[in-house]
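Residues per chain are reported as follows:
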Amino acid sequence: MTVADVVIGAVDWSRYQLLDGPASRFGRQLAEFVAESPVDGRRDLWETMENHVFAQDDIFSAAEPTISVLLASLLDERPQHVRIAILDLLFHLVRATSYRDDDLGRRCLEKAAPGGWLLVREGLTGPGVVTEACLDVLDIASPECAQFVRTWMRS
């Protein structure tokens with residue numbers, strides 16, 4: 001069992017909403033996403049996120065616990081392509097807003113901000129494409145951590 005699995009199991013997903021209704025079964029879909037990621041014919045995994053937990057620049061209440069799961073999933077060993085997909089989804093969730101709940105975007109940023117140093121480690125130890133994905137998230141969720149990564153990389 002991974003750290004992400006434990007976090008997913010601790011969430012009462014039925015309390016949250018997706019674009020298409022209650023998020024009751026979303027935990028299982030999220031577990032599959034962070035385990036396998038959408039590569040080579042698994043576009044369906046990305047589609048379980050896109051137009052469900054986020055749509056264009058809109059997010060739904062399930063985004064809040066999803067951010068915690070995504071950060072937790074970076075603690076576990078994952079292939080590079082999975083890490084990039086996790087960071088990409090995290091980026092979509094922290095940069096979006098909710099058209100139904102004015103505070104949801106702020107709460108999502110607050111969920112992501114404590115993961116700043118985890119993303120710094122990820123960005124400094126991963127290959128360039130991972131570093132760039134981390135910086136995309138950090139620029140929004142923790143600009144001071146993004147600046148740290150850029151300073152470190154220049155030194």
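Rules behind the numbers
- Residues numbered from 1 in each chain as written.
- Predicted model: local features only at pLDDT ≥ 70, side-chain atom pairs only at ≥ 80, totals over all residues.
- Heavy atoms only, no water.
- Helix = DSSP H or I, 4+ residues; strand = E, 2+ residues; numbered from the N terminus.
- Rg over C-alpha atoms; globule rule 2.2 N^0.38 Å.
- Buried < 20%, exposed > 50% of the residue type's maximum accessible area, 1.4 Å probe, protein only.
- Contact = heavy atoms within 4.5 Å.
- Areas by Shrake-Rupley, 256 points an atom, 1.4 Å probe, with all protein chains shown as cover.
- Lys, Arg positive; Asp, Glu negative; His and termini not counted.
- Charge placed at Lys NZ, Arg CZ, Asp CG, Glu CD.
- Axes fitted to C-alpha atoms, helices over the stretch in contact; angles between N-to-C directions.
- Parallel < 35°, antiparallel > 145°, perpendicular 65-115°, else oblique.
- Left-handed = near helix turned anticlockwise from the far one by under 90°.
- Core = buried A, V, L, I, M, F, W, Y, C linked by side-chain atoms within 4.5 Å.

Participant: What am I meant to see in the overall build of the protein here?
Facilitator: Check the secondary structure of the protein and you find 9 helices and 4 strands. For the protein, the sequential pattern of α-helices and β-strands runs α-β-β-α-α-β-β-α-α-α-α-α-α. At 15 Å, the protein has a C-alpha radius of gyration in line with the 15 Å of a compact globule built from 155 residues. Along the first, second and third principal axes, the C-alpha atoms of the protein reach 50 × 35 × 25 Å. Counting across all 155 residues of the protein, residues that qualify as buried make up 47%. A sequence separation of at least 24 residues applies to 66% of the contacts in the protein between residues at least 6 apart. With the model as given, the accessible surface of the protein reaches about 7700 Å², and the carbon-plus-sulfur share is 52%. Averaged over its 15 positive side-chain charges, the protein has a centre that lies 2 Å from the centre of its 24 negative ones.

Participant: Please clarify how the packing of helix α7 (residues 116-125) against helix α9 (residues 143-154) should be interpreted in this entry.
Facilitator: Helices that pack against each other are described as a pair by the angle of their axes relative to one another and the distance between those axes. Across the interface, α7 lies against α9 with an axial gap of 9 Å and an inter-helix angle of 25°. With respect to α9, the element α7 is oriented roughly parallel. Note on packing geometry: the crossing formed by α7 with α9 is right-handed. Across the interface between the two elements, Gly116, Trp117, Val120 and Leu124 from α7 touch Cys145, Phe148, Val149, Trp152 and Met153 from α9.

Participant: Please clarify how the nonpolar core should be interpreted in this entry.
Facilitator: Core analysis: the biggest nonpolar cluster contains 49 residues, and Phe26, Leu30, Phe33, Val53, Leu89, Leu93 and Leu119 have the highest contact counts within it. Counting residues per element, this core draws most heavily on helix α5 (residues 80-95), at 8 residues. Contacts of leucine 119, omitting those with residues within four sequence positions, involve Leu71, Leu74, Leu87, Leu90, Cys134, Val137 and Leu138.

Participant: Explanation requested: the environment of alanine 10 in the structure shown.
Facilitator: In this structure, alanine 10 sits in helix α1 (residues 3-10). The class of alanine 10 is exposed, set by a relative accessible area of 66%.

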